[in-house]
Amino acid sequence: MSDRRIQLVKGDITQQRVDAIVNAANTSLRGGGGVDGAIHRAAGPGLLEECRTLGGCPTGDARITKGYDLPARYVIHTPGPVWQGGGVNEDALLASCYQSTFALLHDHNLKTVAFPSIGTGIYRFPIDRASRIALREIRRALNENPSIERVVIVAFDERTFDAYTRALMEESS
Ligand code: AR6
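Quick notes on the rules
- Residues numbered from 1 in each chain as written.
- Predicted model: local features only at pLDDT ≥ 70, side-chain atom pairs only at ≥ 80, totals over all residues.
- Heavy atoms only, no water.
- Helix = DSSP H or I, 4+ residues; strand = E, 2+ residues; numbered from the N terminus.
- Buried < 20%, exposed > 50% of the residue type's maximum accessible area, 1.4 Å probe, protein only.
- Near = heavy atom within 4 Å.
- Polar contact = N/O pair within 3.5 Å; in protein donor to acceptor, adjacent residues only side chain to side chain.
- Areas by Shrake-Rupley, 256 points an atom, 1.4 Å probe, with all protein chains shown as cover.
- Nonpolar A, V, L, I, M, F, W, Y, C, P; charged D, E, K, R; others polar.
- Axes fitted to C-alpha atoms, helices over the stretch in contact; angles between N-to-C directions.
- Contact = heavy atoms within 4.5 Å.
- Core = buried A, V, L, I, M, F, W, Y, C linked by side-chain atoms within 4.5 Å.
- Expected span 1.5 Å × (residues − 1).
- Pairing = 2+ DSSP bridges.

(A) Geometry of unusual backbone geometry. Although it is not a glycine, Tyr68 adopts a positive phi angle of roughly 50°. Relative to the elements of secondary structure, Tyr68 occurs in the loop between strand E3 (63-66) and strand E4 (74-79). Of note in this structure, Asn109 is not a glycine but carries a positive phi near 60°. Position of Asn109 relative to the elements: it lies in the loop between helix H3 (90-107) and strand E5 (112-115). In this structure Asn109 comes out as exposed when scored by relative accessible area, which is 54%.

Encoded structure:
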């Protein structure tokens with residue numbers, strides 16, 4: 001059975017009214033393209049200012065900042081792996097992005113979160129593989145943290161929405 005706390009929606013993560021949205025960042029935490037660019041544009045300059053104080057973040061790890069002009073209270077920044085064919089620990093590093101994010105949610109007592117599809121844009125992680133890893137980690141974290149109330153997966157495009165739909169169906173079958 002799929003966990004009722006998991007929701008898949010199509011849309012723009014910057015519009016999500018949750019405790020924290022997750023940013024598919026890079027290790028510099030100085031902003032970038034894709035969802036990172038969209039989050040920085042919507043949050044305003046305070047976000048980059050705070051990010052500059054953090055001194056970067058290793059791949060698979062995560063850092064938390066305030067949400068500034070976003071409806072979300074916090075942003076959790078996590079750099080995914082650049083896909084290089086699968087032989088350099090990409091699966092474990094992607095899983096680690098989710099694990100690190102849930103650790104921060106737990107530490108800060110946050111109950112609702114929205115994820116983009118980490119790694120599957122500019123970093124080219126294969127979408128079917130990434131969506132299975134994401135759902136496996138989300139379900140594991142939900143089992144361990146009954147206090148998490150809602151996990152929204154925000155698919156920006158049809159391809160991403162379809163891949164997560166398939167992965168959700170695999171899980172519930
Ligand atoms: N809301 C939700 N999802 C979005 C949005 C949005 N507003 N905009 C894009 N996406 P990507 P990555 C989707 O490339 O592969 C940046 O330059 C997008 O369609 O944002 O982890 C960082 O600074 C895709 O499905 O992240 C890094 O350098 C998903 O978000 C690098 O890109 C992830 O695509 C990280 O690459």
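(B) Molecular detail of the site of the ligand. If you check the shell around the ligand, you find 22 residues, and the closest are Asn26, Gly33, Val35, Asp36 and Ile122. Within the backbone of Gly33, one N or O atom sits 2.8 Å away from an oxygen atom of the ligand. In this structure, an oxygen atom belonging to the ligand sits 2.8 Å away from a main-chain N or O atom of Gly121. When the free accessible area of the ligand is taken as 710 Å², the share hidden by the protein chains comes to 92%. For the shell around the ligand, the elements supplying multiple residues, two or more each, are strand E2 (20-25) and helix H1 (34-43). Take the shell around the ligand: its biggest share by element is 4 residues, from H1. Across the shell around the ligand, the residue classes break down as 8 nonpolar, 11 polar and 3 charged.

(C) Molecular detail of the packing of H1 against helix H2 (residues 45-52). Two elements in contact, H1 and H2, have axes whose closest approach is 5 Å; the angle formed by their N-to-C orientations is 115°. Counting all contacts with H1, which are made through Ile39, His40 and Ala43, the residues of H2 involved are Pro45, Leu47, Leu48 and Cys51. When its residues are assigned to classes, the contact of H1 with H2 shows 6 nonpolar, 1 polar and no charged.

(D) Representation of the nonpolar core within the structure. Counting residues in hydrophobic clusters, the biggest one holds 36 residues, and the most contacted among them are Tyr98, Phe102, Leu105, Phe115, Ile138, Val151 and Tyr164. At 8 residues, the largest contribution of residues to this core is made by helix H4 (residues 127-144). Beyond its immediate chain neighbours, meaning those up to four positions away, Phe102 contacts Phe115, Glu137, Ile138, Ala141, Ile148 and Val151. In terms of nonpolar packing, the next biggest core, distinct from the first, is built from 16 residues, Val18, Leu29, Ile39 and Cys57 among them.

(E) Quick look at H3. Spanning 18 residues, H3 covers 26 Å between terminal C-alpha atoms, matching the ideal 26 Å at 1.5 Å per step. Residues of H3 that are buried include every one of Glu90, Leu94, Ala95, Cys97, Tyr98, Ser100, Thr101, Phe102, Leu104 and Leu105, and no others. At the C-terminal side of H3, Asn109 shows a positive phi close to 60°.

(F) Molecular detail of the sheet that holds E4. Pairing is mixed in the open sheet, where 6 strands are placed in the order E1-E6-E5-E2-E4-E3. At either end of the open sheet lies a strand with only one pairing partner, and these are strand E1 (6-10) and E3. Direction aside, neighbouring strands of the sheet carry axes that sit 25° apart on average. Relative to strand E6 (residues 150-155), E1 is paired through 5 bridges, and the arrangement is parallel. Paired with Lys10 across the two strands is Ala155, which belongs to E6. Against the sheet, H1 engages E2 and E4, with an angle of about 130° to E2.

Take it as geometry only, folks, not as evidence of what the structure does.
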